[in-house]
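Understanding the architecture of this molecule
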Amino acid sequence: MIEELKTKLSSLEENYTLKIQSAATLKDLQDLQVAALGRKGELTELLKSLKDLSLEDKKTFGPLSNTLKNKLTALFEEKQIALEAAAVNEELAKTNIDLTLPAYTFDKGRRHPLVIAQKRMVDILSKLGFIWAEGPLIEDEAHNFDALNIPKNHPARDVQDTFFVKNAVKTGFVLRTHTSGVQVRAMQKQKPPIRIIAPGRVFRSDSLDATHSPVFNQIEGLYVDKNVSLADLKRDLTVFMKGLFGNKAEVRFRPSFFPFTEPSVEVDVKCVFCEGKDPSCPVCKGTGWKEMLGAGVVHPNVLKNCGINPEEYSGYAFGMGVERLAMFSLNIKDIRTFYENDVRVLEQF
Ligand code: DAH
């Protein structure tokens, strides 16, 4: 009996090896697989006789038939892969696709230099604990001027400087001339401690030239708490400037005037191009310094106007132009470079 089974096994092997090799389609191969290894397949049927064998014979026939099963399974897989590849090649041969052609390239976008500059500034200020706040681009005069202690006769309130918005429903609105209105809104809404920055677009009635634009970007900051002083302002803005221009950057504070701060300062940075050594430096015009921003201790009237008791709280504020700082650090000479969006220029940053 065992001899007979062995012969059957080897003829099965021979038979199926040949048939698998000559299978022409995936369907043929599948049918073959069912015929050999399926539930009623030839090899499966043969294995059923195992139970009638002596222990001795089981020990020889068992491993033999298992080896054949594994071998046939491997042959089926191999042939399947070969047939599938042949089918793909046949499809490709029917088309005109040239797979050796290089792939299409596509242009990757990148951040605009102004966005890069704004992000660098915001990142440093965030580490100093400032939280991004926003307000409307069309602002009422109360937030843009009155609350900020800007008197009715101030030149900034002139139509020559400011875009006034007039329509039948509302008057007394302007395209915000600075983002200071966001400071006002924050103070009206929230009790100190307040620590916000207000990045965003602002508008002034200037003609577009190398250093002016009727639309530009600002970042303003406000910190209000108990006992905030000019010393806090100097410390934080020095850290900010060094964060932007490197640890060696030198910072200078000059007295200035803004209606909303008292005392007010202007903050300069030592020219990073000539380090103050070149009297003919085109960037700092030989002065050695570059004005970066305005700042000061929040005027008590401003706190009062926003519902904060100046006897209890004090604060500092600052405001700067993103374009101005970006022009200085990237050595861009014309503000229009940012808005013309010439890709050849933009891709340098
Ligand atoms: N608002 C000023 C401007 O647009 C900048 C500024 C100066 C903002 C001092 C401030 C500040 O908050 O304290 O020119």
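Provided above is the structure to which this section pertains.
Residues numbered from 1 in each chain as written. Predicted model: local features only at pLDDT ≥ 70, side-chain atom pairs only at ≥ 80, totals over all residues. Heavy atoms only, no water.

Okay, the nonpolar core next. Formed by 41 residues in total, the largest nonpolar core has its most connected members in Leu125, Phe240, Phe245, Leu293, Phe318 and Met320. Residue assignment for this core shows that the elements contributing at least two residues are helix H5 (113-127), strand S6 (215-225), helix H8 (230-245), strand S8 (261-270), strand S9 (289-298), strand S10 (314-321) and helix H10 (322-330). The contact partners of leucine 293, leaving out residues within four places of it in the chain, are Leu237, Phe240, Met241, Val265, Glu266, Val267, Phe318, Gly319 and Met320. Formed by 23 residues, the second largest nonpolar core is a distinct cluster that contains Ala147, Leu148, Val184 and Val302. (Core = buried A, V, L, I, M, F, W, Y, C linked by side-chain atoms within 4.5 Å. Buried < 20%, exposed > 50% of the residue type's maximum accessible area, 1.4 Å probe, protein only. Helix = DSSP H or I, 4+ residues; strand = E, 2+ residues; numbered from the N terminus. Contact = heavy atoms within 4.5 Å.)

Turning our eyes to something else, we now look at the pattern of salt bridges. Going through the model one piece at a time under the given rule, you end up with 24 salt bridges. When the shortest N-O distance is used, the salt bridge between arginine 185 and glutamate 139 registers 2.5 Å. Here arginine 185 is found in helix H7 (residues 180-189), whereas its partner glutamate 139 is found in strand S2 (residues 138-140), with 46 residues between them in sequence. When its relative accessible area of 2% is taken as the criterion, glutamate 139 is described as buried. Each member of the salt-bridge network shares a partner with another, and the members are Arg252, Arg254, Asp268, Glu291 and Arg324. (Salt bridge = Lys/Arg side-chain N within 4 Å of Asp/Glu carboxyl O.)

Once that is clear, we can look at the site of the ligand. Lining the immediate environment of the ligand, one finds 15 residues, of which Gln183, Arg204, Gln218, Glu220 and Ala317 sit closest. For the ligand, a nitrogen atom lies 3.2 Å from a polar atom in the side chain of histidine 178. At 2.8 Å, a side-chain N or O of glutamine 218 approaches an oxygen atom of the ligand. Coverage of the ligand by the protein chains reaches 87% of its 350 Å² of free accessible surface. Looking at the shell around the ligand, the elements with two or more residues in it are H7, S6, S9 and S10. Of the residues belonging to the shell around the ligand, the class tally is 5 nonpolar, 8 polar and 2 charged. (Near = heavy atom within 4 Å. Polar contact = N/O pair within 3.5 Å; in protein donor to acceptor, adjacent residues only side chain to side chain. Areas by Shrake-Rupley, 256 points an atom, 1.4 Å probe, with all protein chains shown as cover. Nonpolar A, V, L, I, M, F, W, Y, C, P; charged D, E, K, R; others polar.)

Attention now goes to the packing of aromatic side chains. In this structure the tally under the stated criterion is 6 aromatic pairs. Ring geometry for phenylalanine 258 and phenylalanine 260: centres 5.7 Å apart, planes at 15°, overall stacked. With a relative accessible area of 18%, phenylalanine 260 lands in the buried category. Measuring from ring centre to ring centre gives 6.4 Å for tyrosine 316 and phenylalanine 318, while their planes differ by 35°; the resulting arrangement is tilted. For the residue pair tyrosine 316 and phenylalanine 318, the accessibility class agrees, reading buried in each case. (Phe/Tyr/Trp six-rings, centres within 6.5 Å; stacked < 30°, edge-to-face > 60°.)

We now examine the packing of helix H2 (residues 26-37) against helix H4 (residues 55-94). Closest axis-to-axis distance for the H2/H4 pair is 10 Å, and the angle between their directions is 170°. By the angle class used here, H2 and H4 are roughly antiparallel. Every residue of H4 that contacts H2 at Leu26, Leu29, Leu32, Gln33, Ala36 and Leu37 is listed here: Lys69, Leu72, Thr73, Phe76, Lys79, Gln80, Leu83 and Glu84. Tallied by class, residues from the contact of H2 with H4 come to 8 nonpolar, 3 polar and 3 charged. (Axes fitted to C-alpha atoms, helices over the stretch in contact; angles between N-to-C directions. Parallel < 35°, antiparallel > 145°, perpendicular 65-115°, else oblique.)

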